Amino acid sequence: MILIYFLACSLAISITYRDSNLSLLWLPAGVAIAVIFRYGKVMIPAIFIAILLTELWWKLSIYQAILLAIGSTTGPAATCWMLHKKNFDLHFTARRDVLWFTMSALAGSMISATFGILALSILSGKPFTGSTWCIWVAGDTVGALLASPVLLAISRRSLHALEHKKETLIFLILLAAANWFVFLSPYNYLRLSFVIVAMMIWAAMRFSLLAVSSITLALAIFSTWAASNNLGRFSSFEASGLVVVWAYVTTIALIALMINAMRSENAIASKKINETYQRLNKVTSRLPGLAIQYRVRSDKTTSIPYASIGILQMLEVTHQDVKDNAQQLVDRIDPRDVETARQQLAQATRELSPWQTEFRFYRLDGSVRWLFVDGLPEREADGAMLWHCFLSDITERKQAEKDLHIAACTFESQEGIFITDANWKILKVNQAFTRITGFTSEDMLGKRPPVYRSDEQDSAFFQRIFDSLKEKHFWNGELWSLRRNGEAFPQMLTLTAIMEGQEISNYVASFTDISLSKSYEADIRKLAFYDSLTQLPNRRLLMDRLEHLISVRQRNSSHSAIFFIDLDNFKNLNDTRGHDAGDLLLIETAKRLSSCVRESDTVGRLGGDEFVVILEELSADRKEAIIQADRISEKVRQVLSEPYQIADFEHHGSSSVGVCLFQGDEITVKDLFKRADTAMYEAKTAGRNTVRFFDPAMQAILLVRMLLESNLRLALSQNQFQLYYQVQVNADGKFLGAEALIRWWHPDRGFISPAEFIPLAEETGLIIPIGQWVLETACAQLKQWEKSAATANLSLAVNVSAKQFQLTSFVETLSEIVARHQINPALLKIELTESAILDNIDATTEKMRELKKLGIAFSMDDFGTGYSSLAYLQRLPLNQLKIDQSFVRDLSHDENDATIVRAIIALGINLGLNVIAEGVETSAQRAFLIKHSCTAFQGYLFSKPLPMEEFMSLLEQEHSAHTEQAQIGFTG
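Residues numbered from 1 in each chain as written. Predicted model: local features only at pLDDT ≥ 70, side-chain atom pairs only at ≥ 80, totals over all residues. Heavy atoms only, no water.

Attention now moves to the overall build of the protein. Looking only at helices and strands, one finds 37 helices and 28 strands in the protein. Taking all 972 residues of the protein together, 44% fall into the buried category. Long-range contacts, defined here as pairs at least 24 residues apart, represent 61% of the contacts in the protein between residues at least 6 apart. Element-wise, carbon and sulfur atoms account for 56% of the exposed surface of the protein, whose accessible area totals about 50,700 Å². (Helix = DSSP H or I, 4+ residues; strand = E, 2+ residues; numbered from the N terminus. Buried < 20%, exposed > 50% of the residue type's maximum accessible area, 1.4 Å probe, protein only. Contact = heavy atoms within 4.5 Å. Areas by Shrake-Rupley, 256 points an atom, 1.4 Å probe, with all protein chains shown as cover.)

Encoded structure:
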């Protein structure tokens, strides 16, 4: 310490101004202040000793040395005391530190100077002038400003840290050059000292306190040295030169310290701001939202100068992304909310009021979040508006509001809702409850729900509900309740128990009035199980009841019976009087049947004109049960045979009844229906208006019929049918043509008579594809006959059934067949029965005329067996009448048949029609027919129906016979 002080004194003494006893820079004062302030009061003795030794080294007397040491120690000690009082920071971190250091150093220097001058004056006896005191004060003050900052700034850390190395080197080079130019160059007379000041400003702005204070000390020493050696600008001053040098040094020292202090203040302020920013970020990061500053410039562009760290999580952008331009965030606002937000922002801007708005914001994955912004305005100097905003994600709140709204709407839905406490006392009801029950909220608050008790809804029923709520906290089902007017009504009720811990706190009930549904259910059941016309059970319900009856009869020995009832000739009534009349007959039939049976019995309608009666609880004895069933069935037949008054006419009808008796589970429902239907079919076969009981023989017949039907379906696909041909001749015996007759050769049964399978084909509809095959085969045969002169002019008659002819496509189909085979249509003759022709006379006539235009001929088959009308015959485009073989067979010995044959022949001649007789088997029959002008015949007298090969042989024989007769006649 003593050495440092001594060196500082030596350096100061070496820099004098004219008078060598005066030092411009008293650096020891700065050393003393720095040491005492840094290390405390304990250094005051050390400073005193250092000063004393220095004074003695300079050959001063002991008294002078002691007095000067006391003065030079007291000043720095007083300076340090004042600095401590003002909380001086040795790093000069604030401008107040520079100011107080300067003032304290000046005060301490004054104390030292005053004490020293007085001591020297007293001991030497020589007075000292005021200028000496001023120089002393100035030297000590400047020494303090130069030396103390250097010593106070020295630390291991500051010594090891060298910032801006490259810049420091450049600075030192420039500074050395500038000092040379100002003080040592030939141009040192120029006033360029401001350059040094400018460079010190650079140093103070860029370097540390140690570096700046060291540079300042070096500059001060150099400038004062130059001045003391008459170098540079300061050497030209006389009396005022000392003041100028001191002012220069003081200026650069204060500039360096002040700029360093301002740098420190700025650094401290920046640090505090950063710390505040970090604390703010920490606080805002814990907040459920985002703090931002939103700037809206005058040109409507936007930016976000500040944003808390939550911006990435909430808006999926970094602050840097939107710091200068926030348009990308605006673009992600839902278009439905943009205009509203802008209007609210504009209004808040005009009124300088808080801006609050909600909007939907699209995230990058396409999902939508609801955000709420609350901002306070601050108008900036450039006209921009800075909004200090806080953004909150209110998606959950919005969803909760939506759920609450839905819950409110649900509560006021079409379903009746009421809420009760744990004791079933009503707390709240909705409007639907009032609308359905009639009870208002005031009527029900604090009361229990109305309860309707019945056999079904007894105490046990409600106990099951309570048990379900206790165990499952839920119950759903149908319940009958009461309206305010006392009316009972059905409801579909859902009960939910609300739990608080382990206890039920409330019950929530929702219900709908299902009265209408029940009505619809009854209607649907009625439509599903009852006939809509007669209101009788339909097939489905009848089968259900039979199933139940059969299961019951397993435990009961009594018999039951089923009637199948079919109204005779019902179709004729429908066709002649219309369906309305038919419906009235069915309704009346249902009433009559219901009146014939007991309440325990069942009457139903299968459909059409078919009815079913189920009799229960007949006798256990089969014979007695048959008698009972016969008595009731006969009663049914008689009742249904009585005249019906239908609208404005009286209808006489009858019915065919089939009865099947059964007991226990000996038969299935399906078989019961089959047996009863078989018995009814047998009643029809027996001539109608009768009753038939099912007999196992009927079942056998039915099985045979079913087998025949099955074989008939296979016959066509397996080519089991053949056409046989029966010749038609004239009075001279010449062949005119033939009739094609279908034959069936079964692979197992052999020949099956047409009388056996044709009625079945008619009934099943198979007659249509069979008839199609006959027409195709006949036309193909005609085409074959065209190739031979002997057969080219033969005609071929084909029987067409009524069902086939009534097809709307028959004309088109036959025309296509004729065209495809390219035959002469005049050689094709269609034979129709009276039933086929007269069933729908208008449509039949139209079809016949269309086909006759093609050249096809028509013959009325079995003429005389039906109910032919002369009026109809005149309208029909017939070519021929065929006398039925039943009249021809007995005409030789039955005058009635002979009369009918003569009448038919006369009728045909008068109508201009050809007449042909079928079934001619004797010469007498042929002679009778020729005698009465019938000249065309068909029958076994000429040939039986033959297959094509034999028929062609017959043609060859006939052709040979006629050829021989012609030759004999020519020879004779």
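Under the defined criterion, the tally for this structure stands at 24 aromatic pairs. Judged by centre distance (4.0 Å) and plane angle (10 degrees), the rings of Trp-424 and Tyr-507 are stacked. Taken together, the residues span a long stretch of sequence, with Trp-424 in the loop between strand 8 (416–421) and strand 9 (426–429) and Tyr-507 in strand 12 (residues 503–513) at a distance of 83 residues. Take Trp-424 and Tyr-507: they sit in the same class, and that class is buried. Here the aromatic cluster, defined as three or more aromatic residues joined through ring pairs, consists of Phe-37, Phe-88, Phe-92 and Phe-101. Just above the ring of Phe-649 sits the side chain of Arg-577; from NZ or CZ to the centre is 4.0 Å. Across the ring face of Tyr-644, the terminal group of Arg-592 is positioned such that the distance to the ring centre comes to 3.7 Å. (Phe/Tyr/Trp six-rings, centres within 6.5 Å; stacked < 30°, edge-to-face > 60°. Lys NZ or Arg CZ within 6 Å of the ring centre and 35° of its normal.)

What follows covers the side chain of Thr-357. Inspection of the secondary structure assignment puts Thr-357 in strand 5 (residues 355–362). Polar side-chain contacts of Thr-357 include one of 2.4 Å to the side chain of Gln-344. Once you skip the residues sitting within four places of it in the chain, Thr-357 turns out to touch Ala-341, Gln-344, Leu-371, Phe-372 and Val-373. (Polar contact = N/O pair within 3.5 Å; in protein donor to acceptor, adjacent residues only side chain to side chain.)

Let us look at the UniProt feature "transmembrane region" (unreviewed entry) in the protein. The UniProt feature table records "transmembrane region" (unreviewed entry) at residues 28–53, 65–84, 99–121, 133–154, 169–187, 194–222 and 242–262. Helix and strand shares over residues 65–84 are 100% and 0% respectively, and the end C-alpha atoms of the span are 29 Å apart. Between the C-alpha atoms that bound residues 133–154 the distance is 31 Å, and the span itself is 95% helix and 0% strand. (UniProt positions renumbered as here; feature names shortened; annotations may be inferred.)

The next thing to look at is the sheet that holds strand 18 (residues 655–663). Pairing in this open sheet of 5 strands is mixed, and the strands run 14-15-13-18-19 from one edge to the other. The sheet is open, and its two edges are formed by strand 14 (602–607) and strand 19 (691–693), each paired on a single side. Each strand axis lies, on average, 20 degrees off the axis of its neighbour in the sheet, ignoring direction. Where strand 18 meets strand 19, 3 bridges bridge the pair, whose relative direction is parallel. (Pairing = 2+ DSSP bridges. Axes fitted to C-alpha atoms, helices over the stretch in contact; angles between N-to-C directions.)

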